[in-house]
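The primary structure of each chain is shown beneath.
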Amino acid sequence: MENIQNFQILWFVLIFILLLGYALLDGFDLGMAVLLPFLGGTKEEKDTLIASIGPVWDGNEVWLVTGGGALFAAFPQAYATAFSGFYSAMMLVLLALIFRGVSIKFRANDPARAGLWEKAFIGGSALAPLLFGVALGNVIYGVPLDGRMEYAGGFFTLLRPVPLWFGITGLAAVLLQGATWAVLKTQGEMQKRSFRAAGILTVINAVMAVISFAVLAVLFPRLSGNTLFYLAVVITFAGLTGLFFSVRKKNDAVPFWASSLSFIGLFLAAGSAQFPNLITASNDPNLSLTIYNSSTGIYTLQVMAVIALVGMPIVIGYTIFVYRVFKGKANADDHY
Amino acid sequence: MDALILARIQFALTIGFHFLFPAMTLGIALVILISETLYLVKKDEVYRRITDFFARMLGLIFVIGAVTGIVMEFSFGTNWSQYSRTVGDIFGPILAAEGVIAFFLESVFVGVLIFGRKRVSPGVYWMSALLVFLGGHFSAFWIIVANSWMQTPAGYEINAAGKVILSSFFEAVFNPSTVARFLHTVLATWITGAVMVSGIAGYYVVKGLHGEAARAMLKLGIILFAVTPLLQLGAAHSHAIQVIDMQPVKAAAMEGHFQTTRGANIYVLGYVDEDKEKTYGIYIPKGLSFLYNFDFNSEIKGLKDVPKENWPPVNLVFQSYHIMVALGGIFIVLGLLGAWLLWTGKIYTTRWYLWLLPFLIPLPHLAHETGWITAEVGRQPWIIYGLMKTAAASSVVVSAGQLIFSLVMFTLVYLLLFVMFVLLLVKIIKQGPEAS
């Protein structure tokens, strides 16, 4: 019999990749939406910015749906604990995702209330990544769990300073994704503003990264022997350095890739701090939900591995194809 | 009210609302695929205008379907965590497969369909229409698999800890009700599309709008409207037989059938008194037995074969089922009438029929909602038929207070979405298939 641990580790990695894919892709459209008032002055400029994400945001969000499905399939105990335990926060996530989704369409088709839908679009886009960051911060920092694997905290347990810091860090990274996406897709005055935003956000992200890594190192002394963590730090700062220079040189495309690289670094740091835990118990380490005590059976993990390892390369292939269809600078008349 | 009831109300509300949109998505995706194929073959601009019109509409429908779909995926964890813990081995992979195999495909290519007309060749555009059609139907397939497994579980074992363990993925996916339920549900979505297209086109023709495009749309809609309810008659019949075989308690509730008998009646309409255990109404003697296997004296199991605590709410199931069946009959008659009018060339001048068509648009939705109530309420008190009770499935840490908050939130938000959807749909219909 094959070793189930290998598949549990594989699924930790695969879910990590799915959530990273979500963060990078939906990250840029959520981030750009939050920056809408700063990047776009006139309605036409805002239309152009929204047009740049119109054809792709829907597909980006499927990374979340699939990541959630994969968590359910591989580690149902963690899925059940987190989703029911963080119930009210999850309802706010849903509210945010509903409004940011529908308000793109409503804004375009309901001119009388376009301003209102724009606010809903911006608000939903800001709230979602903030809450995802806070949720991630909680499962890493630890929450009280009971002996039945159930969450034993309240709503305000989720809002402790460390998880909140994770949320703000995530939001800052998402904003940087958005600003660099805008650099890639706009020109002229709007691009100038995008460069400026990207520059400021690079500095903010660099400061926050230093603090975040320091916090992680203090909270998890075991990270001092973890090569992946050092690699994560290097990748993050390599990305931020690349950003610093490419923004100064007014390069169109490099900032987006550099921002993505630094985001990958942050994710890797979080992942290396978390492995092999899924939900850390703050009250008793023995109560933590790990990949070993929360997973489905080996047969399910194997079947799912086949589906994911065959299916995801195909998904990535046609996703790249569609991004190429819509490559180039965005145009307000192009869409809607 | 206790948390369990609130969780069930919330699930019924959110799934009932969500269902409206995928049903339209699949129906409209079929219409788009047909009209874009005609455009590719005939090179007639009229079909391009029809495709573009429905692609605009699909953009609105799809986004509401997508955002309300995420709610459903979250709900198994948020509201039904005990269920998720028990069946993660089987239910999880089905939802994950839906994402990888289906939802990605649909969502990525819907972008090309709505925004890519000028950016890709006609061949690639047609391919996108095909992939959206396939992605949507694959998606429906996996969701139907998930539901069918709850109705007729297969391919599993139960371990010492009481958890359900997958033993055969193939048997779980192709459990005994998957194929029949999939065909029945997909045809329901095609009828939804057919009626929607016919209704919109009927309105245009009677108002003298959009000339040739409206007539082509009407023809396309009416052909689908004539064919799909007839196909549904066959699919629905085989699904009903499968329910009688595999879920006799649900089947008995659908007809208010209490005593196991040879020569069971079938009701045209009626009322079930659950306390007195009697069903009143107009019936065809021995009709149910006859339809089951064309033998007037075949045996049909009654509700009293199982303890009353394992009965679903009988009258609700009975009424839902009969509304659905009646609507199916109306669709067959009106679809065939439309085909006859089209055949004889009278359709474009038969004003009463054209006027009637737009008013039919909500009816397929009523049919699939009542059908869904029949399937889901008919399964009660089980969440997995014969295996796990609904009462044991809900989240233990979610309080009634939290549920009241979320239920109020979904009620208000979905009301807003519904109002906006109708307003914007009407706006798109008023713009019509313009020559651009």
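Residues numbered from 1 in each chain as written. Chains lettered and ligands numbered in written order. Predicted model: local features only at pLDDT ≥ 70, side-chain atom pairs only at ≥ 80, totals over all residues.

Asker: Describe the overall build of chain B, with residues and values.
Answerer: Secondary structure summary: chain B contains 13 helices and 8 strands in total. Seen along its three principal axes, the alpha-carbon backbone of chain B occupies a region of about 65 × 50 × 40 Å. Residues counted as buried form 56% of the 436 residues belonging to chain B. Considering only intrachain contacts with a sequence separation of at least 6, the fraction spanning at least 24 residues in chain B is 74%. (Helix = DSSP H or I, 4+ residues; strand = E, 2+ residues; numbered from the N terminus. Buried ≥ 20, exposed ≤ 12 C-beta atoms within 10 Å, placed from the backbone. Contact = placed C-beta atoms within 7 Å.)

Asker: Describe helix H12 (residues 363-377) of chain B, listing the residues and the values that go with them.
Answerer: Since one α-helical turn is 3.6 residues long, residues separated by three or four positions face the same way. Residues and elements named next belong to chain B. Between its first and last C-alpha atoms H12 spans 21 Å; for 15 residues at 1.5 Å apiece the expected length is 21 Å, and the two agree. Along H12, the residues that are buried comprise Pro364, Ala367, His368, Thr370, Gly371, Trp372, Ile373, Thr374, Ala375 and Glu376. Close packing links the buried residues of H12 with helix H1 (3-42), helix H6 (178-207), helix H8 (248-254) and helix H10 (314-343). (Expected span 1.5 Å × (residues − 1).)

Asker: If you had to explain the interface of chain A and chain B to someone new, which residues and values would you point to?
Answerer: One frequent convention defines the size of an interface as the accessible area lost when the parts assemble. Contact with chain A, which involves 53 residues of that partner, is made by 55 residues of chain B. Those elements giving two or more residues to the side of chain A that touches chain B turn out to be helix H4 (57-74), helix H5 (76-85), helix H6 (87-109) and helix H12 (298-325) of chain A.

Asker: Could you give an account of the confidence of the model for chain A, with specific residues and numbers?
Answerer: The share of residues in chain A with pLDDT of 70 or more is 98%, and the mean pLDDT across the chain is 92. Looking across chain A, the model is least confident in helix H3 (residues 43-53) of chain A, with a mean pLDDT of 89, and most confident in helix H8 (residues 161-185) of chain A, with 95. (pLDDT = per-residue confidence, 0-100.)

Asker: Now, about the pairing of strand E5 (residues 278-284) of chain B: what can you tell me, with residues and values included?
Answerer: All names here are of chain B. When strand E4 (residues 266-273) meets E5, the two strands line up antiparallel, connected through 7 bridges. Bridge pairing in E5 places aspartate 273 opposite lysine 278. Where E4 folds back onto E5 in an antiparallel hairpin, the turn is made up of 4 residues, including glutamate 277, whose phi is positive at roughly 55°. (Pairing = 2+ DSSP bridges.)

Asker: Which residues make up H1 of chain B, and what are the values?
Answerer: When the terminal C-alpha atoms of H1 of chain B are compared, their 58 Å separation across 40 residues agrees well with the 58 Å that a helix rising 1.5 Å per residue should span. Looking at the residues trailing H1 of chain B, positive phi occurs at lysine 43 of chain B, about 55°.

Asker: Pulling in residues and values, what's your account of the nonpolar core?
Answerer: Ranked by size, the top nonpolar core spans 272 residues in total, and within it Leu94, Leu131 and Ala269 of chain A together with Leu58 of chain B carry the most contacts. For this core, the element with the highest residue contribution is helix H3 (residues 81-115) of chain B, accounting for 21 residues. Sequence-distant contacts of leucine 58 of chain B, defined by excluding residues within four places in its chain, comprise Thr25, Ile28, Ala29, Ile32, Leu113 and Ile114 of chain B. (Core = buried A, V, L, I, M, F, W, Y, C linked by C-beta atoms within 7 Å.)

Asker: Go over the environment of valine 234 of chain A, please, and point to the residues and values.
Answerer: Locating valine 234 of chain A in the fold gives a position in helix H10 (residues 227-248). Accessibility expressed as a C-beta count within 10 Å gives 12 for valine 234 of chain A, which makes it exposed.

Asker: Describe the packing of helix H2 (residues 45-78) of chain B against helix H13 (residues 400-431) of chain B, naming the residues involved and giving the relevant values.
Answerer: Residues and elements named next belong to chain B. Look at H2 against H13: their axes get within 10 Å of each other, and the N-to-C directions meet at 170°. In terms of orientation, H2 lies roughly antiparallel with respect to H13. Every residue of H13 that contacts H2 at Arg56, Met57, Leu60 and Ile64 is listed here: Leu417, Phe421, Leu424, Leu425 and Ile428. Residue composition of the contact of H2 with H13, grouped by class: 8 nonpolar, no polar and 1 charged. (Axes fitted to C-alpha atoms, helices over the stretch in contact; angles between N-to-C directions. Parallel < 35°, antiparallel > 145°, perpendicular 65-115°, else oblique. Nonpolar A, V, L, I, M, F, W, Y, C, P; charged D, E, K, R; others polar.)

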